[in-house]
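# Structure assessment
Residues per chain are reported as follows:
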Amino acid sequence: MKKILFLCCTLSSIMTFAQQSFTVMDWSSSGSLHDYLLQKAHRQYDERRTRFNKATISTQSVITYGKAARSACLRLLGQMPVGGALNPVITGIVKQEGYSIEKVVYESFPQHHVTANVYRPERKGVYPAIVFLCGHEDPAKFTPSYQQTASLLAKNGFVVLVIDPLGQGERLQVTTAEQSRHERPGKKEHTLLNETSNLFGTSTPAYQVWDNKRGLDYLITRPDVDSARIGCIGNSGGGMQAIYFAAFEKRIKAIAVCSYLSSRERMYDIDGPTDGCVELPNEGVALMEMSDYLAAAAPTPLLILAGRFDSIDFIGTLSACNELKQLYTAIGSPERFKLFAYDDGHGLSLPKREAAASWFKKWLYHDSTFRRETPIPILSPEQLQATSTGQVSTTYPNEISVAQKNQALFEETAPHRKQFLQQPRTSIVKGIQALLRLQTVHTPVHVEYKPAYTQQGITYNKAILRREGQLPLPVLIVQPTVQPVGTLIWLHDGGKRKIADSTSLLQQYASQGYITLICDISGTGELEDPASLNETRYYNKEYRNATIALHIGSSLVAQRVTDMINLLDFATADSTMQSLPVTMHATGLLTLPALHTLVLDNRIKQLYLYNGLSSYKDILQKPTALNWYSYVITGVLNYYDIPDLITLAPPGTIHMNN
């Protein structure tokens, strides 16, 4: 046993030593890409702060700022579905003391059903209404605190529409043939749906906003609702829905946001990106903070409900509230903004529910009496469900989920892709560069050489490539044993040691006259993000970097294309390599960036791709596969698919394996 233990320890030590021997960076570089992307995000937020400070000068400047924020919100949300008839159906009524609960189903877009409960006062009449947006609790409208909130409002004279969000309650979207959920609560589904939606320039938030808009459309058709007095409340993830809805929907006359408003910039620093329903690509480059969506609604009465010990950062909440207070004061309506903070955590606790009811009573009834809650019976999901089976997917045979809607969008956008590819090649290249937001860089690539390492007769020269304003790259360089005939670049998504350990392969290259460059591209090898910092529920090992890259107006694909161009610039500026033809090999997550680089840069003469994505259609058809977010470019399928890129390459230059 001791001998076996000794042998295992020895092998482990050899492997660790081998990995360290191929290390190039002289600092702990695993978080470098994250730091690099965050630095870009902070520069955008600095610019946004400058713009915000100018907005508080006068009433007119606040109005102008709000209009710009609303326009930005509409752009960021992206393409909305095309609505049809609402076809609302009340499938049942539950009588309670002082109010009743109607079970309602309506169509957000054709054959896409939204389940909801309507709480209404017992007496006949015309009442103000509240759109209630649920958080991430899996039961959605069945959640006890949501039943308590809606009943409190109904008892105080409001008609309340409580909507099941996508992927929750009765609205599972990503299911198997048996309609089981595979342990995917709403947070996972929201992210999976956002991933596929982003390919078309739309988003999970856009679908949710549309569901909520159509819910409001339904409310104002009801004879018991006063369409001039509509409020909106949301908690947790529903709080972020309410924040987007405030900017989107002008019919809302009073707002309450619970347990979500904070500072996106600060949240990224502390926790990183969260669920797909609260992440909009390009938000950073649009210079938008969370508070800006609410600024778009000013001077609509706005109540922020927060727990001082909430998982949503309270310091960020105070920062956002201070900004909104400045705006409401500058516009001459400081009384229309209020922060209610309580010594508790996340969610709609009793004090917050009572504060919300009192707020809506004040602004929609002009009654400043504080409202108190009385106990109610909590009903079971079976008592409140609006569908016959408990799921829209099994109740309606022709139900179209968001996942299916996005698959249909692939066919609908085909003419756009065809039109894009019919342009002259120079226009296509410029279009791809614009989509990736690539910038031409004229500064030189500086090379810092490190001590070489020799293993089994192969000498690995080490170098750090640096370019002003860009991420440093670690490179291993293996020289040929004969006259150089070409430069061979190897990019493995498992890191450069996967190739560096293949001594027989490198010996073969050396004997054939190739100078071999083995590089860790952003997010790989020495630059790989720690797995512990990426939530497994998001189905992506580099979710936080993929999301932040999209947030700042870029993508991991674009970042990696930039790295590859920097590597090519290094090779073609080197006196030994500058006249040699370049061959590139790329695996897995690096295949798509390599393909883009080939199309955009004619210095690659041969490209070998291994185990890469063959079409974005694969992501749409298999949304639960791992690491798809690493391939996402916002709006890409409005322009081209991966096979289209291949047609743009010179014949005979691409060699695909698996």
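Predicted model, so just to flag it, every value in this text is computed and none were measured.

### Some details on the overall build of the protein chain
- Summing up its helical and strand segments, the protein chain has 23 helices and 17 strands in all.
- Principal axes of the C-alpha set define a box for the protein chain whose edges measure 95 × 70 × 55 Å.
- Expressed as a percentage of its 658 residues, the buried residues of the protein chain come to 61%.
- If you sum the accessible surface of the protein chain, you get close to 25,800 Å²; carbon and sulfur atoms cover 54% of it.
- A distance of 3 Å separates the average location of the 63 positive side-chain charges in the protein chain from that of its 59 negative side-chain charges.

### So, the nonpolar core
- Grouped together as the largest cluster of nonpolar side chains are 164 residues, with contacts concentrated most on Leu 261, Tyr 293, Ile 432, Leu 491, Leu 517 and Tyr 616.
- The element best represented in this core is helix 20 (residues 556-573), accounting for nine residues.
- By size, the runner-up hydrophobic cluster in this structure holds 35 residues, among which are Ile 101, Leu 152, Val 162 and Cys 258.

### Quick look at the pattern of salt bridges
- Counted under the stated rule, the structure contains 35 salt bridges.
- Between Arg 49 and Asp 46 there is a salt bridge, with its nearest N and O atoms 2.6 Å apart. Remark: Asp 46 and Arg 49 occur in helix 2 (residues 32-55); sequence separation between them is three residues, near one turn of the helix.
- You can call Arg 49 partly exposed: its relative accessible area is 32%.
- Residue Asp 46 is classed as partly exposed on the basis of its relative accessible area of 41%.
- Among the salt bridges present, the one from Arg 48 reaches Glu 323, with a minimum N-O distance of 2.7 Å. Of the two residues, Arg 48 sits in helix 2 while Glu 323 sits in helix 10 (residues 314-330), which places them 275 residues apart along the sequence. When sorted by exposure, Arg 48 lands in the same class as Glu 323, which is buried.

### Here's the deal with helix 4 (residues 144-155)
- Taking 1.5 Å of rise per residue, the 12 residues of helix 4 would be expected to cover 16 Å, and the 16 Å separating its terminal C-alpha atoms lies within 8% of that figure.
- Most of helix 4 is tucked away: nine of the 12 residues are buried.
- Of the positions making up helix 4, those classed as buried are Ser 145, Tyr 146, Gln 147, Thr 149, Ala 150, Ser 151, Leu 152, Leu 153 and Ala 154.
- Where helix 4 ends, the next residue or the one after it, Gly 157, has phi of about 90°, a positive value.

### A closer look at the sheet that holds strand 9 (residues 337-342)
- The strand order across the open sheet formed by nine strands is 1-2-3-5-4-6-7-8-9, and the pairing between neighbours is mixed. Among the strands making up the open sheet, the edge pair consists of strand 1 (89-96) and strand 9. Averaged over all neighbouring strand pairs, the angle between strand axes comes to 20°, with direction disregarded.
- Note: strand 1 against strand 2 (residues 99-109), seven bridges, orientation antiparallel. The residue bridging Ile 93 from the neighbouring strand is Glu 102, located in strand 2.
- Against the sheet, helix 4 touches strand 2, strand 3 (112-121), strand 4 (127-133), strand 5 (159-163) and strand 6 (225-235), its axis set at about 50° to strand 3.
- In the packing of helix 6 (residues 204-219) onto the sheet, contacts are made with strand 1, strand 2, strand 3, strand 4, strand 5 and strand 6, and the angle to strand 2 comes to roughly 125°.

### Some details on the environment of Gly 588
- Its location among the elements puts Gly 588 in the loop between strand 15 (582-587) and helix 21 (591-600).
- For Gly 588, a relative accessible area of 9% puts it in the buried group.
- Here the alpha-carbon distance between Gly 588 and Ser 197, two residues 391 residues apart in the chain, equals 22 Å.
- Aside from chain neighbours lying at most four places away, what touches Gly 588 is Asp 493, Tyr 610, Asn 611, Gly 612 and Tyr 631.

### Brief notes about the environment of Gln 111
- With respect to the element layout, Gln 111 can be found in the loop between strand 2 and strand 3.
- On the basis of relative accessibility, which here comes to 37%, the residue Gln 111 falls in the partly exposed class.
- Taking C-alpha positions, Gln 111 is 34 Å from Arg 123, a pair spaced 12 residues apart along the chain.
- Setting aside residues up to four positions removed in sequence, Gln 111 forms contacts with Asn 398, Glu 399 and Ile 400.

Cut-offs applied
Residue indices follow the written sequence of each chain, beginning from 1 at its first position. A pLDDT threshold of at least 70 governs which residues receive local features in this predicted model, and a stricter bar of 80 or more applies before side-chain atom pairs are shown or counted, although totals over entire chains, interfaces and linings include all residues. Excluded from the side-chain calculation are hydrogens and water; included are all heavy atoms of the structure. Runs of H or I in DSSP of at least four residues are treated as helices and runs of E of at least two as strands, each being numbered from the N terminus. Partly exposed describes any residue whose relative accessible area lies between the buried limit of under 20% and the exposed limit of over 50%, with all areas from a 1.4 Å probe on protein chains only and scaled to the type maximum. Areas reported as accessible are Shrake-Rupley estimates using a 1.4 Å probe. Residue values count occlusion only from the protein chains shown. Just so you know, the count uses Lys and Arg for positive and Asp and Glu for negative, and it drops His and the chain ends. Lysine's charge is taken at NZ, arginine's at CZ, aspartate's at CG and glutamate's at CD. Among buried residues, the Ala, Val, Leu, Ile, Met, Phe, Trp, Tyr and Cys ones that are joined through side-chain atoms within 4.5 Å form a nonpolar core. Should a side-chain nitrogen of Lys or Arg be within 4 Å of a carboxyl oxygen of Asp or Glu, the pair is scored as a salt bridge. One less than the residue count of a helix, multiplied by 1.5 Å, gives the span that helix is expected to have. For two strands to be treated as a pair, DSSP must find at least two bridges joining them. Axes here refer to lines fitted to C-alpha atoms; in helices the fit is confined to the stretch in contact. Angles between the N-to-C directions go from 0 to 180 degrees. Residues count as neighbours in contact if any of their non-hydrogen atoms are within 4.5 Å of one another.

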